[in-house]
Amino acid sequence: GGGPAPVRAAAMASVAAAAPLFGRRSDPGHALSAAALLACAIDPEAVFDTGAQLSFVAVAALLASGPAIRHLCRLDDP
């Protein structure tokens, strides 16, 4: 009975680890979606919890900003 953040982390890690077993590529967006569905299935009231919402939004923001951050880190490329 963990809160939404540990459920999200465990579900995302499980989806990422299980993807190669099924011959699939691990997609962080799909893993986050599966984690959200699992968190809602375990505790439907978590949808209205501000902490849970911020947890999922923060991870989504990190996933969305990943390509831009990688691009900015390539300082030596023309």
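For the structure, check the block above.
Now for a look at the structure at hand.

Considering the overall build of the protein chain
So, step 1. Of regular secondary structure, the protein chain possesses three helices and zero strands.
So, step 2. Mapped in sequence order, the helices and strands of the protein chain form the string α-α-α.
So, step 3. Judged by the C-alpha coordinates and their principal axes, the protein chain covers about 50 × 35 × 15 Å.
So, step 4. In the protein chain, buried positions account for 19% of the 78 residues.
So, step 5. The contacts in the protein chain between residues at least 6 apart in sequence include a share of 59% that link residues at least 24 apart.
So, step 6. If you sum the accessible surface of the protein chain, you get close to 5,600 Å²; carbon and sulfur atoms cover 68% of it.
So, step 7. For the protein chain, the centre of its 5 positive side-chain charges and the centre of its 6 negative side-chain charges are spaced 11 Å apart.

Overview of the packing of helix α1 (residues 4-18) against helix α2 (residues 28-42)
So, step 1. One way to put it is that α1 packs onto α2 with a least axis distance of 8 Å and a crossing angle of 135°. In terms of axis orientation, α1 runs oblique to α2. Crossing geometry of α1 relative to α2 is assigned as right-handed. Contacts from Val-7, Arg-8, Ala-11, Met-12 and Val-15 in α1 reach Pro-28, Ala-31, Leu-32, Ala-34, Ala-35, Leu-38, Ala-39 and Ile-42 in α2.

Observations regarding α2
Helical geometry: 3.6 residues make up each α-helical turn, so side chains three or four residues apart lie on a common side.
So, step 1. Its 15 residues place the ends of α2 21 Å apart at the C-alpha level, agreeing with the 21 Å of an ideal helix rising 1.5 Å per residue.
So, step 2. Of all the residues in α2, the buried ones are Ala-31, Leu-32, Ala-35 and Ala-39. The buried residues of α2 occupy an angular sector of 100° when projected down its axis, which confines them to one face. Looking at α2, the residues exposed on the side facing more than 90 degrees away from the buried face are His-30, Leu-37 and Ala-41.

A short note on the packing of α2 against helix α3 (residues 50-73)
So, step 1. Between α2 and α3, the shortest axis-to-axis distance is 10 Å and the interhelical angle comes to 175°. In terms of axis orientation, α2 runs roughly antiparallel to α3. Packed against α2, whose contacting residues are Pro-28, Gly-29, Leu-32, Ala-35, Ala-36 and Ala-39, the element α3 presents Phe-56, Val-59, Ala-60 and Leu-63 at the interface.
So, step 2. Here the residues of the contact of α2 with α3 sort into nine nonpolar, one polar and no charged.

Calculation criteria
- Residues numbered from 1 in each chain as written.
- Predicted model: local features only at pLDDT ≥ 70, side-chain atom pairs only at ≥ 80, totals over all residues.
- Heavy atoms only, no water.
- Helix = DSSP H or I, 4+ residues; strand = E, 2+ residues; numbered from the N terminus.
- Buried < 20%, exposed > 50% of the residue type's maximum accessible area, 1.4 Å probe, protein only.
- Contact = heavy atoms within 4.5 Å.
- Areas by Shrake-Rupley, 256 points an atom, 1.4 Å probe, with all protein chains shown as cover.
- Lys, Arg positive; Asp, Glu negative; His and termini not counted.
- Charge placed at Lys NZ, Arg CZ, Asp CG, Glu CD.
- Axes fitted to C-alpha atoms, helices over the stretch in contact; angles between N-to-C directions.
- Parallel < 35°, antiparallel > 145°, perpendicular 65-115°, else oblique.
- Left-handed = near helix turned anticlockwise from the far one by under 90°.
- Expected span 1.5 Å × (residues − 1).
- Arc of directions from axis to C-beta.
- Nonpolar A, V, L, I, M, F, W, Y, C, P; charged D, E, K, R; others polar.

Functional significance is not addressed by these values, which are geometric in nature.
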